[in-house]
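Residue-level structural notes
Chain residues, written in single-letter form:
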Amino acid sequence: RLETILGLYRDALEDGRSQCLCVAFSAMTERLPEETRARIATFQTDVLSWLVETFGLARSDTSIAGVSDPTQDAAATFAQLEGALLMARASGDPSQFDLATATLQARIQKGPQT
């Protein structure tokens, strides 16, 4: 599951030419209409909930190393993904995303889970 969301965010870069609109809009929410702000908030809530669930499952099946608090891991991961996307987009270099998310990739356990 963590590999999936990493892939979704990485794919949104389109080789450094693009980024997720919610990430872009999050930087300027005060200028956006209320309806757009509400949709961004819904997106963020949905992603965070999905990540909490992902880390909760991973704590049980050890598919992600070092999970102690799924809520904290979810919040940190969401911030890391969005920050990595901004960093890669600003530089036009998708490898910056990979560098910034390497710690997440390293936590994914390969092979059979107990």
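Below is a summary of the structure that appears in this document. Computed from a predicted model, the values in this text were never measured in an experiment. (Residues numbered from 1 in each chain as written. Predicted model: local features only at pLDDT ≥ 70, side-chain atom pairs only at ≥ 80, totals over all residues. Heavy atoms only, no water.)

**Structural notes on the pattern of salt bridges**
- Applying the stated rule across the entire model yields 5 salt bridges.
- In this structure, the salt-bridge partner of Asp98 is Arg10, at a minimum N-O distance of 2.7 Å. Of the two residues, Asp98 is situated in helix 5 (residues 95-100) and Arg10 in helix 1 (residues 2-12); the sequence distance between them amounts to 88 residues.
- Taking the relative accessible area as the measure of exposure, Asp98 reaches 36% and is therefore partly exposed.
- Here Arg37 makes a salt bridge to Glu34, at a shortest N to O gap of 2.6 Å. Of this pair, Arg37 and Glu34 both sit in helix 3 (residues 34-61), 3 residues apart, roughly one helical turn. (Salt bridge = Lys/Arg side-chain N within 4 Å of Asp/Glu carboxyl O. Helix = DSSP H or I, 4+ residues; strand = E, 2+ residues; numbered from the N terminus. Buried < 20%, exposed > 50% of the residue type's maximum accessible area, 1.4 Å probe, protein only.)

**Overview of the environment of Asp93**
- Tracing the chain through its elements places Asp93 in the loop between helix 4 (70-91) and helix 5.
- With relative accessibility at 29%, the residue Asp93 sits in the partly exposed group.
- Along the sequence, Asp93 and Leu13 sit 80 residues apart, while their C-alpha atoms lie 9.1 Å from each other.
- Here Ser95 takes part through its side chain, which lies 2.6 Å from a polar atom of the side chain of Asp93. (Polar contact = N/O pair within 3.5 Å; in protein donor to acceptor, adjacent residues only side chain to side chain.)

**Quick word on the nonpolar core**
- The biggest cluster of nonpolar side chains holds 20 residues, and the ones touching the most others in it are Tyr9 and Phe97.
- Sorting the residues of this core by element identifies helix 1, helix 3 and helix 4 as the ones contributing at least two each.
- With 6 residues, helix 4 is the largest single contributor of residues to this core. (Core = buried A, V, L, I, M, F, W, Y, C linked by side-chain atoms within 4.5 Å.)

**What to know about unusual backbone geometry**
- Even without glycine at this site, Thr62 takes up a positive phi of about 60°.
- Tracing the backbone through its elements, the reader meets Thr62 in the loop between helix 3 and helix 4.
- For Thr62, a relative accessible area of 36% corresponds to the partly exposed category.

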